[in-house]
Amino acid sequence: MAKKVYTDYFFDEPAFNTHDGGYIPLVTPKVAPQPLAVPPLLKPDKQTATDDYYTVKAEASETQFLPGKKTKTWGYNAGFLGQTIVFRNGKHTHIDLKNALPELTTFHWHGLNVPGPITDGGCHAPVYPGKTNHIDFDVMQPAASIWLHAHPCPSTATQVWKGLAAMVIIKDDVEDQLPLPRNYGVDDIPLVLQDREFHEDNQFNYRADYDPDGVQGHTALVNGTVNPYFDVTTQRVRLRILNGSNRREWRLHFNDDLAFAQVGSDGGIMPSPVYMTHLMITCAERDELVLDFGKYQPGDEVTLMTDDTPLLRFRIKDYTPDDTTLPEHLVDIPEEKPTPGLPVRKITMDGMDEQVAMDGKKFDMQRIDARQKVGDVAIWEIRNTNSTKNGMVHPFHVHGTQFRVLARNDGPVYPNEHGLKDTVGVNPGETVRIQVKFDLTGVYMYHCHIIEHEDGGMMAQIESYDPDHPKTYHLMDMETLTKAFAEEQGVKPEDVWMPGM
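- As recorded in an unreviewed UniProt entry, the protein goes by Multicopper oxidase family protein and comes from Lactiplantibacillus dongliensis.
- Word for word, the UniProt comment on the protein under Sequence similarities (unreviewed entry) is "Belongs to the multicopper oxidase family."

So, in structure tokens, the structure goes:
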């Protein structure tokens, strides 16, 4: 029986960012092709059978993106972006979070199910310049591609733009047994998709580029590489794709419409592979693809595109023929029934530009907007109140959990949304129903992941609580945050520029 191959992007075309008034088209830079940078794996400080120990350092550096002067950048154990961190399901993990930057930052583990708000690393967990904070946690979730990024509200977008984002890979015994490529750097490749604008002397200037609906640039970066190529030495290649952009959506396809299999989404491996020729990925989503280059010959070249712009050229080299096929079923995801008697939580994502809000309100770091008991399985309905004529897709993200997407406007979900997710794109005028359970206590944020929107106030907080063990939390406040930035920048608090506020 022939496999069904999907050939459209699923999302509503009138809401594509190409229709934004402030849309910035990608321009292919006139520079020589560069080998794709594959981030090295971060070496543990120590490992035992039960525990892993890491040091993650946020640091300032310079990066050679373009001919001429190097660009001033930030990264994690790297000049830009970061080394890839590997966790193992079931292990106790210890991390020293070291801040070698000139200003405070936070370390948010996007997609990791850990206690909030401190271990989760949102705005309530600042690490000040020259300081080191320590966290430890149990890894308790299936194999997945997640990520680390700065989250110091309302300067998240600024710090991510400078480079604070890194891929994190979770491994487990189930994924180990699947017929998937897993030789990191050879046939298992992370792809962090971003865009940047380069100003005088090749420097970033976030303030000059600022747009409250999301900052974009003319130059595409893949793992921080401009105009990259990758030499294919195996017939099958696995791509772990992260949309690490502040705003841009990526509509991916190959120049010859090569079909590929999506095998994973945000929360890990999907129940079954989904075959397609076109894939749209919104901000913060992750998609794992398996490519089969068996129809090509050494010397051939096939190009990954976004819309009409080439992103990454795959140069086919000699490889050993591989007849491995993907099974129709990959993993089991346990079905959980909603907790009886719980009301449906209704959430709206409202507005655009400076008017963005969540449930009609701007974010307040000290306000708890909702509560949900640990272990309860709740239904949330997320509605994008933007106009269907000129609105935009809002990617909705929840910290501290992986959810299931149940319905779009009471109809079916997209074919590649049957796995676990922590981010889901919601079309203008659409209501998306999700099923949410928190396994750990904490205060967690939920927000639009167009980063300028979350900085601008399209964000709220929920407390996951245990009624038998009530907790109180010290939450960051804007006055403390502003004073800290002012001191670090050597200006008066009233002169601190924090976009979105």
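Text resumes after the structure shown.
Observations regarding the pairing of strand β19 (residues 268-276)
And step 1. Burial analysis of β19 places eight of its nine residues in the buried class, the great majority of the element.
And step 2. In this sheet, β19 lies alongside strand β1 (residues 5-6) in parallel orientation, the contact comprising two bridges. Bridge assignment links Tyr6 to a residue of β19, and that residue is Met276.
And step 3. Both strand β18 (residues 260-265) and β19 contribute to a ladder of five bridges, which runs antiparallel. Each residue of the ladder has a partner; that of Gly264, found in β19, is Ile269.

Quick look at the pairing of strand β28 (residues 394-398)
And step 1. Of all five residues making up β28, five are buried, and the element is well covered by its neighbours.
And step 2. Burial along β28 is two-sided: the residues His394, Phe396 and Val398 and Pro395 and His397 are all buried.
And step 3. Note: β28 against strand β31 (residues 423-426), four bridges, orientation antiparallel. Bridged to His397 within β31 is Thr423.
And step 4. As judged from the three bridges shared by β28 and strand β33 (residues 442-448), these two strands associate in the antiparallel manner. Each residue of the ladder has a partner; that of His397, found in β33, is His447.

Quick word on the packing of aromatic side chains
And step 1. Scanning the entire structure with this criterion turns up 27 aromatic pairs.
And step 2. On the basis of an interplanar angle of 55° and a centroid distance of 6.0 Å, the ring pair of Phe293 and Tyr296 is categorised as tilted. Grouping residues by exposure puts Phe293 and Tyr296 together as buried.
And step 3. Seen in terms of ring centroids, Phe396 and Tyr446 are 6.0 Å apart; in terms of plane orientation they differ by 55°. Their pairing is tilted. With Phe396 in strand β28 and Tyr446 in strand β33, the pair connects residues that are 50 residues apart, well separated along the chain. As far as the burial class goes, Phe396 and Tyr446 line up, both buried.
And step 4. Three or more aromatic residues joined by ring pairs form one cluster here, namely Phe230, Phe254, Phe260, Phe293, Tyr296 and Phe314.
And step 5. Over the aromatic face of Trp161 sits the side chain of Arg196, whose NZ or CZ is 4.5 Å from the ring centroid.
And step 6. Arg196 extends its terminal NZ or CZ atom over the ring of Phe204, reaching a point 5.9 Å from the ring centre.

What counts and what doesn't
Here the residue numbers are simple positions, counted from 1 along each chain's written sequence. With pLDDT at 70 or above as the cut-off, local features in this predicted model cover only qualifying residues; side-chain atom pairs require 80 or more to be listed or tallied, and sums for whole chains, interfaces and linings still use all residues. Side-chain measures here rest on the full set of heavy atoms in the structure, leaving out hydrogens and waters. UniProt positions are given in the numbering used here, feature names are shortened, and annotations may be inferred rather than shown by experiment. Summary of the burial criterion: residues with accessible area below 20% of their type's maximum are buried, those above 50% are exposed, and those between are partly exposed, where the area comes from a 1.4 Å probe applied to protein chains only. By the criteria applied, helices consist of DSSP H or I runs no shorter than four residues and strands consist of E runs no shorter than two, each listed in order from the N terminus. Only when DSSP finds a minimum of two bridges between them are two strands counted as paired. Stacked, tilted and edge-to-face are the three classes assigned to paired rings of Phe, Tyr and Trp, where Trp is represented by its six-membered ring and a pair needs centres within 6.5 Å; plane angles under 30 degrees give stacked, over 60 edge-to-face, the rest tilted. Put simply, a charge is over a ring when the Lys NZ or the Arg CZ is close to the ring centre, within 6 Å, and near the line of the ring normal, within 35 degrees.

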